[in-house]
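Chain and residue survey
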Amino acid sequence: MAAPWTTPAGVAYIGVFLFTGVCCLASIPRARTFTDIEVRYGLVGLLGLTGLWALFKTAFFIVPGPFQPTVYIVGLVSGFGTVWAWLYFASAYTGRTLHRDSTLRRLGGTVFLTITALKLTNPIHGRYFTTTEMTTPFRYVAIEHGLIHWVSTSLSYVLAAIGLFMIFELYIESGYDTKPLAALTALLALPVTIDIVAIGTPQLIEFIYAPIGVAAFAIGALFVFGEQFLAVRTRAQGDAATIVLDDANRIQAYSAPAVDIFPELDGAAGSPLKDVLPEVPATDENGSGQVVTREGDDGPRYYLVSPRSMAIGESTVRVLALSDVTVSERQRRNLIERERELDKRNELYRAVISASFAFVFRIDANGTFSFVSPSVEEFTGYRPDRLTGEPISMLGSDEQVVEEAQDYLDRVINDGEAIQVRDLPIKTKSGTTVYADVRAEPIYEPSTAPEARTTDDIVGAQAMVRDASERRKREGLISVINRVLRHNVRNKLTVINGYAEMLSTELDGNSASQADRILDAGNRLLNLSESARRIESHRELSPELEPIDVAPMIGELRDQLNEEYPNASVTADIPESAVAKTQSRIETALWEILDNAARHTGTAPTIEIDVTTTDERVLISIRDDGPGLPETEQQVLATGEEGPLVHGQGLGLFLTHWIITNLDGDISVTTTEGTSVDVRLPTLSATVAPNDQSQNENLWIRRLKCWHTR
């Protein structure tokens, strides 16, 4: 009796099943590259079990006769396992969830274990199969299947047919050209035909040829028709209108619904997407998707392009799913248009408020800020969210001002008055005091009709605030000039007149001394008039600031001071450049400080000038070793306030204060071992930024609009 490997038929059987097993197992690494994890599990399981089954069938022909039934049984277990792997794959590939159903999984496991137990115990009961030694076409142990085998085999074929049904149904519904895949899938049924033919054909042994069909299907799907296999899988994810691209963005396939949307797709397979549909973006899978527009019978229609990718080995396809988002996109565009129109109106209200007021705020009945416009930050230094919810006392410069503000608020909320307040002091975040004009009106409960409103319906106060600082400066300047001229000129003229009267009666040796006094008084009057004239010349100058390098300016002032006061010791530490945002008239203010230090410090004054810069400020420090500036003149220089006893030099110091503060600078005085005057000027980077257009801006403008209409 010839051994299988010694006959052509035996070699053929061994070669076919060995090749089948090796191909299945060798394909597993490629199957593991499948993007979808569940399909991947199904493919790997199907290939692994089929490969083992084929190898056991190969071993069946090689091992000695007594071991062939055992090898056959183990192979049967692997073969029966391929049925469940096939069902798992078919369910996952077609987008179903049968493979996740716990009941079906338990049922399948029970059936598998039951039939496996019957197979493994066949040597005991012999009802699954019996064996007979055969010599045709070569020596082997023939398997004569029993009833349990045919029941098990019938169940396997039914289950396999269910999987085939799911696969072919997807092919038909996908809308793609799936003829090659359908022919490939049909190879799964070919071994069944061979099994049937083998029953009545002595030249073929009854041996179950299913591994051959599974191997042909798997290898074809993974290596030959990979892109079509991937494209059909994407259709199972529920997108009716889809376009399939290869890795070069060429059109590989498209569904019928996609052709309905884009007729240009018909016959465009193999063409670059950008040539066929330039408006459709071939975005990456991680892209956010874009909306493309198509004209329809009822106007423009909108489709969201949602990309995703799928791969097996080197085969990669990108699927563009087209979702009809016409309804939501039309709503979105209408909202955008309405928002734009609202933004225009909001900008109009914002511009009106910005042009007319420093800021706007609303106060509730408890005296708490319930709303503050963004422009408050420029005026007070506080952000709107910092003031919202705080009491009005937060902006009060002192207790008296807070009490006055509360009285004003009571008149508005309790009595329903509309009030106007001039020069209300407001404390800023930095601690300085600014002045504002405030106009406040009551806010009524909107549900109450205007004709039925009473003070009981008042829920708060709406206030508009105007910056009064410039006007207050101008008025203060005029007040100072008038008061000083009235007081000082009158006094000096009294002196002149008194000595003139004495000269008229005493024309002796004292005439020269008296004449000197008259001249001194006249000079003082002239100096005072000159100071007043200089203040008047600066009063109407534009406050617009510009970048100026004050370093060379201060150097020139130092040289001028040395010329006019040769006995003075003047030292200066000045950087090469110190650019401030100011005006050239700052030179007048700095000279007043230097001149005052040299004039009133002694016969040989020592004056030090230091200039330092930071990102926010240019600091100019002027120090002398004199007795110290009197308190009254310190007050003039630091605050701009003057009393009835201010003399000519005090007016010059007021001019200094007025120029510096009007140029957004500030000045401070200390009198420890002499006098030190610090002048701080803003730099370019310290310029106040535009108001923060926060997400609440639209809200506060809408509220303001409502308040205007109440």
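Below is a summary of the structure that appears in this document.

Reading guide: rules and limits
- Residues numbered from 1 in each chain as written.
- Predicted model: local features only at pLDDT ≥ 70, side-chain atom pairs only at ≥ 80, totals over all residues.
- Heavy atoms only, no water.
- Helix = DSSP H or I, 4+ residues; strand = E, 2+ residues; numbered from the N terminus.
- Buried < 20%, exposed > 50% of the residue type's maximum accessible area, 1.4 Å probe, protein only.
- Contact = heavy atoms within 4.5 Å.
- Areas by Shrake-Rupley, 256 points an atom, 1.4 Å probe, with all protein chains shown as cover.
- Phe/Tyr/Trp six-rings, centres within 6.5 Å; stacked < 30°, edge-to-face > 60°.
- Pairing = 2+ DSSP bridges.
- Polar contact = N/O pair within 3.5 Å; in protein donor to acceptor, adjacent residues only side chain to side chain.
- Axes fitted to C-alpha atoms, helices over the stretch in contact; angles between N-to-C directions.
- Salt bridge = Lys/Arg side-chain N within 4 Å of Asp/Glu carboxyl O.
- Expected span 1.5 Å × (residues − 1).
- Disulfide = S-S within 2.5 Å.
- Arc of directions from axis to C-beta.
- Core = buried A, V, L, I, M, F, W, Y, C linked by side-chain atoms within 4.5 Å.

So, on to the overall build of the chain. Of the regular secondary structure elements, the chain holds 24 helices and 19 strands. Sorting the 710 residues of the chain into buried and exposed places 44% on the buried side. For the chain, long-range pairs separated by at least 24 residues make up 63% of all intrachain contacts whose partners lie at least 6 apart in sequence. Total accessible area on the chain stands at roughly 35800 Å², and carbon and sulfur atoms take up 55% of it.

Turning our eyes to something else, we now look at the packing of aromatic side chains. In the structure shown here, the tally under the stated rule is 12 aromatic pairs. Here the aromatic rings of Phe80 and Trp84 are separated by 5.8 Å at their centres, their planes lie at 90 degrees, and the arrangement is edge-to-face. Of this pair, Phe80 and Trp84 are both found in helix H4 (residues 68-93), 4 residues apart, which corresponds to roughly one turn of the helix. Residue classification places Phe80 among the buried residues on the basis of a relative accessible area of 2%. Ring pairing ties together the aromatic residues Tyr13, Phe60, Phe61, Tyr72, Tyr128 and Phe129, which thus form one cluster.

This part covers the pairing of strand S4 (residues 251-254). A regular strand carries its side chains on alternate faces of the sheet. Of the strand pairs in this sheet, strand S3 (residues 241-245) and S4 are connected by 3 bridges, and their pairing is antiparallel. Considered in S4, the bridge of Leu245 is made with Ile251. Counting the residues in the hairpin turn of S3 and S4 gives 5 residues, including Asn249, whose phi is positive at 60 degrees.

Turning our eyes to something else, we now look at the side chain of Asp36. In this fold, Asp36 is placed in the loop between helix H2 (28-31) and helix H3 (37-60). In terms of polar contacts, Asp36 uses its side chain to reach the backbone amide nitrogen of Val39, at 3.1 Å.

We now examine the environment of Pro442. Assignment of secondary structure puts Pro442 in strand S11 (residues 433-444). Using a relative accessible area of 16% as the deciding quantity, one classes Pro442 as buried. When the C-alpha positions of Pro442 and Gly416 are compared, they lie 5.8 Å apart, and in sequence the two are 26 residues distant. Setting aside residues no more than four positions away along its own chain, Pro442 makes contact with Val412, Gly416, Glu417, Ile458, Gly460 and Ala461.

One open sheet holds the 5 strands; their spatial order is S9-S8-S12-S11-S10, and the pairing between them is antiparallel. The strands lining the two open edges of the sheet, one partner per strand, are strand S9 (369-372) and strand S10 (419-427). Neighbour-to-neighbour, the strand axes of the sheet open up by a mean angle of 30 degrees, direction not taken into account. Here 3 bridges tie strand S8 (residues 359-364) to S9, and the two strands are oriented antiparallel to one another. From the neighbouring strand, Phe361 faces S9, where its bridge partner is Val372. Contacting S8, S10, S11 and strand S12 (458-467), helix H17 (residues 399-413) runs over the sheet at an angle of about 150 degrees to S10.

Despite not being glycine, Asp423 has its phi angle at roughly 55 degrees, a positive value. You can see Asp423 is positioned in strand S10. Overall, the relative accessible area of 21% leaves Asp423 in the partly exposed class. Unlike most non-glycine residues, Asp664 shows phi in positive territory, near 65 degrees. Structurally, Asp664 is set in the loop between helix H23 (648-662) and strand S18 (666-670).

Under the counting rule described, the total for this entry stands at 18 salt bridges. Its salt-bridge partner being Arg340, residue Glu337 comes within 3.9 Å of it at the nearest N-O pair. One end of the pair is Glu337 and the other is Arg340, both in helix H14 (residues 326-356) and 3 residues apart, which spans about a single turn. With a closest N to O distance of 3.6 Å, Arg383 and Asp385 form a salt bridge. Taken together, the shared-partner salt bridges connect Glu264, Glu279 and Arg294 into one network.

What follows covers helix H21 (residues 586-600). Compared with the 21 Å implied by 1.5 Å per residue over 15 residues, the 22 Å span of H21 between its first and last C-alpha is a close match. What H21 keeps buried is the set Ile586, Thr588, Ala589, Leu590, Trp591, Glu592, Ile593, Leu594, Asp595, Asn596, Ala597 and Ala598. Downstream of H21 by one or two residues, Gly602 has phi in the positive range, about 140 degrees.

Turning our attention to the sheet that holds S18. Strands sit in the order S14-S16-S17-S19-S18 across an open sheet of 5 strands; the sheet is mixed. Both outer strands of the open sheet, strand S14 (569-573) and S18, are each paired with one neighbouring strand and no more. Between one strand and the next, the sheet's axes are offset by a mean angle of 15 degrees, whatever the strand orientation. Where strand S17 (residues 617-624) meets strand S19 (residues 675-682), 8 bridges bridge the pair, whose relative direction is antiparallel. Bridging across to S19, Arg617 finds its partner in Pro682. Of the strands in this sheet, strand S16 (606-613), S17, S18 and S19 touch H21, which is tilted by about 20 degrees from S17.

Below, the discussion takes up the state of the cysteines. All told, the structure shown has 0 disulfides when counted by the stated rule. Here Cys23 is not cross-linked by a disulfide; its sulfur's nearest cysteine counterpart is in Cys24, at 7.0 Å. For Cys23, a relative accessible area of 17% translates into the label buried. Judged by relative accessible area, which is 1%, Cys24 ranks as buried.

In this section: helix H8 (residues 179-186). Of the positions making up H8, those classed as buried are Leu181, Leu184 and Thr185. Along the axis of H8, the buried residues cluster in a sector spanning 95 degrees; they form a single face.

Right, let's get into the side chain of Ser27. Note on placement: Ser27 falls in the loop between helix H1 (8-26) and H2. For Ser27, a relative accessible area of 3% puts it in the buried group. Those residues in contact with Ser27 that lie beyond four places of it in its chain are Leu47, Ile219, Leu222 and Phe223.

With that out of the way, let us pick up the nonpolar core. In this structure, Val550, Leu561, Ile586, Ile607, Ile620 and Val679 are the most contacted members of the largest nonpolar core, which totals 44 residues. The element that contributes the greatest number of residues to this core is H21, accounting for 8 residues. Filtering out sequence-adjacent residues up to four positions away, Ile620 remains in contact with Val550, Ile554, Leu590, Asp610, Val611, Val677, Asp678, Val679 and Leu681. Formed by 35 residues, the second largest nonpolar core is a distinct cluster that contains Tyr93, Phe217, Ala218 and Val244.

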